[in-house]
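Residues per chain, in single letters:
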Amino acid sequence: MSRARCVALSGGVGGAKLALGLSKAMTSEELLVIANTGDDFDHLGLRICPDIDTVSYTLGDLANLELGWGRRDETWSFMETLKGLGGEDWFNLGDRDLALHVERTRRLQAGESLSDITADIGERFGITSSIAPMSDDDVRTIVDTSDGPLAFQHYFVRERCEPKVTGFRFAGASDARPSQAFRAAFEATSPGMVVICPSNPFISIDPILALPGVRRMLEASNAPVIAVSPIVGGKAIKGPTAKMMDELGIEPTSSAIAQHYAGLIDGLVLDNADAAEADAVREFVPDVLVTNTVMKSLDDRVSLAREVIAFSQQVSEK
Ligand code: FO1
């Protein structure tokens, strides 16, 4: 790929939406999306990489927008048949989606790296931006709950995020190396900007930041680091971010997001609904942009991306 002008750190749905906007608001080849792999797991003998797949399906215009994960125009014969056989049916794998897991698992077992497989699948989907896993080494998010520790997908899908969260751990992170594409984007010269997408900071972004050297790489770079708050008016747009914050004793506000990323980011983008928090946010982050961050349509995604790009230029010219 050409040199990354923008490196976007992303989890699933919210991150993928902004990544799509960014790919359309700039020369798409200049965007590198780094996907969280802490949610990955082995299930039914297959390697499942939910965030890589949500980003790839979204940028490839193949995403199932109703579910927020998996593929569009999906059929469920495999799951129905598996259920009839008494198999494990708590994690839904659509027939079309299944083909990706089968092929990725075969290629991993044949010795290919997750980075190479992800890049190749992206090309096959016609995606001109680059998508890379945060690492080719296994990192697995463990959710500590009042019911004991749970593997991420057991907590998230099987237990429907019901157990009370007490903390998170990223098993394997301290020995994992950031992927080659991730490191290369910061070698020699800095990228133009780093965007922390409006993904869950605890389960989608923190695993990326937990990799050895990543914080240092971001801090040492000249690139402005801009985060988009996933909290709007005290709620998460999608998913359990606000519930988790509540359980961790953190108020679900954009100021708390600012505090979470304090020292790492140069600017935070807040929704109009949280305009009154701008001054509180400035206590933790030098620059603040207040705008519409709710991405319902493609136009919303592209306009938010344009604003984030303009804001990052403003921040870097200071
Ligand atoms: N999320 C669910 O809530 N239920 C599912 O059955 C489910 C299946 C699934 C299959 C493939 C895939 O890539 C993602 C899937 N997800 C499902 C989403 C996923 O578990 C989470 O949304 C992410 O890990 C959080 O970013």
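Residues numbered from 1 in each chain as written. Predicted model: local features only at pLDDT ≥ 70, side-chain atom pairs only at ≥ 80, totals over all residues. Heavy atoms only, no water.

**Q** Can you walk me through the environment of Asp138 in this structure?
**A** Residue position: Asp138 is located in the loop between β5 (130-133) and β6 (140-145). C-alpha separation for the pair Asp138 and Phe170, spaced 32 residues apart in sequence, amounts to 9.8 Å. (Helix = DSSP H or I, 4+ residues; strand = E, 2+ residues; numbered from the N terminus.)

**Q** Teacher, can you tell me more about the nonpolar core here?
**A** A general tendency of soluble globular proteins is for nonpolar side chains to be buried together. Val7, Leu9, Ile34, Phe182, Ile196, Leu218 and Leu268 are the most contacted members of the largest nonpolar core, which totals 52 residues. For this core, the leading source of residues is helix α8 (residues 201-209), giving five residues. Ignoring anything within four residues of it in the chain, the contact list for Leu9 reads Ile34, Phe182, Val194, Val195, Ile196, Cys197, Ile205, Ile208, Leu209 and Leu218. Core analysis: the second largest hydrophobic core is formed by 28 residues, Leu22, Leu59, Met193 and Met295 among them. (Core = buried A, V, L, I, M, F, W, Y, C linked by side-chain atoms within 4.5 Å. Buried < 20%, exposed > 50% of the residue type's maximum accessible area, 1.4 Å probe, protein only. Contact = heavy atoms within 4.5 Å.)

**Q** Is there a simple way to explain the site of the ligand in this structure?
**A** Every residue near the ligand is listed here: Asp39, Pro50, Asp51, Trp69, Phe91, Asn92, Leu93, Asp97, Phe152, Gln153, Phe156 and Val157. A distance of 2.7 Å separates an oxygen atom of the ligand from a polar atom in the side chain of Gln153. Considered on its own, the ligand offers 530 Å² of accessible surface; in the complex 87% of this is hidden by protein. Because more than half of its atoms lie within 2 Å of the grid, the ligand is assigned to the largest pocket. Those elements giving two or more residues to the shell around the ligand turn out to be α2 (50-59) and α6 (152-158). For the shell around the ligand, the leading source of residues is α6, giving four residues. Split into classes, the residues belonging to the shell around the ligand amount to seven nonpolar, two polar and three charged. (Near = heavy atom within 4 Å. Polar contact = N/O pair within 3.5 Å; in protein donor to acceptor, adjacent residues only side chain to side chain. Areas by Shrake-Rupley, 256 points an atom, 1.4 Å probe, with all protein chains shown as cover. 1 Å grid on protein atoms, 1.4 Å probe; cavity = no way out; pocket = protein on both sides within 12 Å on 5 of 7 lines; lining within 4 Å. Sits in = over half its atoms within 2 Å of the grid points. Nonpolar A, V, L, I, M, F, W, Y, C, P; charged D, E, K, R; others polar.)

**Q** Can you help me understand the packing of aromatic side chains in this one?
**A** Centre-to-centre distance and the angle between the planes together describe a pair of aromatic rings. Enumeration according to the criterion identifies eight aromatic pairs in this entry. Residues Phe41 and Phe91 carry aromatic rings whose centres are separated by 4.9 Å and whose planes lie at 75° to one another, so their mutual orientation is edge-to-face. Of this pair, Phe41 sits in strand β3 (residues 41-43) while Phe91 is found in the loop between α3 (77-84) and α4 (95-109), placing the two residues 50 residues apart along the sequence. The same class applies to Phe41 as to Phe91, namely buried. Centre to centre, the rings of Phe168 and Phe202 are 6.0 Å apart; their planes meet at 20°, and the pair counts as stacked. (Phe/Tyr/Trp six-rings, centres within 6.5 Å; stacked < 30°, edge-to-face > 60°.)

**Q** Just to check I follow, could you spell out α2 for this structure?
**A** In an α-helix there are 3.6 residues to a turn, and that puts residues three or four apart on one side. Judged by how many residues are buried, α2 sits mostly within the fold: 10 of 10 residues are covered. All of the buried residues in α2 are Pro50, Asp51, Ile52, Asp53, Thr54, Val55, Ser56, Tyr57, Thr58 and Leu59. At the C-terminal side of α2, Asp61 shows a positive phi close to 55°.

**Q** Where do I start with empty space enclosed by the protein in this structure?
**A** Remark: the empty space left among the atoms is shown by a probe the size of a water molecule rolled over them. Counted by the stated rule, this structure contains two cavities of 30 Å³ or more. Volume-wise, the largest cavity comes out at about 60 Å³. Around the largest cavity, the lining residues are Ile52, Asp53, Ser56, Leu100, Arg104, Leu114, Ile117, Thr118 and Ile121. Of all the secondary structure elements, the ones that give two or more residues to the lining of the largest cavity are α2, α4 and α5 (114-124). Considering every element that reaches the lining of the largest cavity, the biggest residue donor is α5, with four residues. Of the residues belonging to the lining of the largest cavity, the class tally is five nonpolar, two polar and two charged. The computed volume of the second largest cavity comes to approximately 40 Å³. Along the walls of the second largest cavity sit Thr37, Asp40, Arg47, Leu114, Ser135, Asp136, Asp137, Asp138, Val139 and Arg140, which together make up its complete lining. Residue composition of the lining of the second largest cavity, by class: two nonpolar, two polar and six charged. (Points joined across faces, edges and corners; volume = space filled by probe spheres on them.)

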